Amino acid sequence: MSDGFWQAPIDFSSLILILIAGIELGLIGLFGFSVLTWLFGRWHSIAYDAVGVSAVWQIMRQRVFG
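This structure is a prediction, so every number in the text was calculated from the model and none was measured.

Helix and strand counts for the protein chain come out as 3 helices and 0 strands. Of the regular secondary structure in the protein chain, the N- to C-terminal order runs α-α-α. Partitioning the contacts of the protein chain with sequence separation of at least 6, the portion at a separation of at least 24 is 50%. Element-wise, carbon and sulfur atoms account for 72% of the exposed surface of the protein chain, whose accessible area totals about 5200 Å².

Now the structure itself:
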């Protein structure tokens, strides 16, 4: 699968992080509950940073390499 859709492991990892972020935002909107804050406590901002970097990575992959 040399010309496959997932050419780098970071693509799949970043996609999973973005999907988790979408679920997180849905839970915050519907129930006012943040799973990331519950799991990571005061370190939740690092998880949000990772999601942001993942989103930028996916945008760059779609614009530059897509």
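Picking up after the structure, the text goes on.
This part is about the confidence of the model for the protein chain. Averaged over all residues, the pLDDT of the protein chain is 84; the fraction at 70 or higher stands at 83%. Per-element averaging of pLDDT across the protein chain places helix H3 (residues 44-65) at the bottom with 84 and helix H1 (residues 9-31) at the top with 91.

The subject of this paragraph is the environment of Val51. Within the secondary structure, Val51 sits in helix H3. Assessed through its relative accessible area of 15%, Val51 is described here as buried. Along the primary structure Val51 and Leu15 are separated by 36 residues, whereas in three dimensions their C-alpha atoms are 9.2 Å apart. When residues no more than four places from it in sequence are discounted, the contact partners of Val51 are Leu17 and Ala21.

Scanning all chains against the criterion turns up 1 salt bridge. Across the salt bridge formed by Arg61 and Asp11, the nearest N and O atoms sit 3.1 Å from each other. Of this pair, Arg61 sits in helix H3 while Asp11 sits in helix H1, placing them 50 residues apart in sequence. The same class applies to Arg61 as to Asp11, namely buried.

Given 3.6 residues to a turn, an α-helix orients residues that are three or four positions apart in the same direction. The first and last C-alpha atoms of H1 sit 33 Å apart over 23 residues, in line with the 33 Å expected at 1.5 Å per residue. Listed as buried for H1 are Asp11, Ser14, Ala21 and Glu24. Backbone geometry just downstream of H1 places Gly32 in the positive-phi region, at approximately 70°.

It is worth spelling out the environment of Phe33 at this point. Structurally, the position occupied by Phe33 is in the loop between H1 and helix H2 (35-40). According to the relative accessible area criterion, Phe33 is partly exposed, its value standing at 39%. Among all residues touching Phe33, those that are not within four sequence positions of it are Leu27, Ile28 and Trp38.

Rules used throughout
- Residues numbered from 1 in each chain as written.
- Predicted model: local features only at pLDDT ≥ 70, side-chain atom pairs only at ≥ 80, totals over all residues.
- Heavy atoms only, no water.
- Helix = DSSP H or I, 4+ residues; strand = E, 2+ residues; numbered from the N terminus.
- Contact = heavy atoms within 4.5 Å.
- Areas by Shrake-Rupley, 256 points an atom, 1.4 Å probe, with all protein chains shown as cover.
- pLDDT = per-residue confidence, 0-100.
- Buried < 20%, exposed > 50% of the residue type's maximum accessible area, 1.4 Å probe, protein only.
- Salt bridge = Lys/Arg side-chain N within 4 Å of Asp/Glu carboxyl O.
- Expected span 1.5 Å × (residues − 1).

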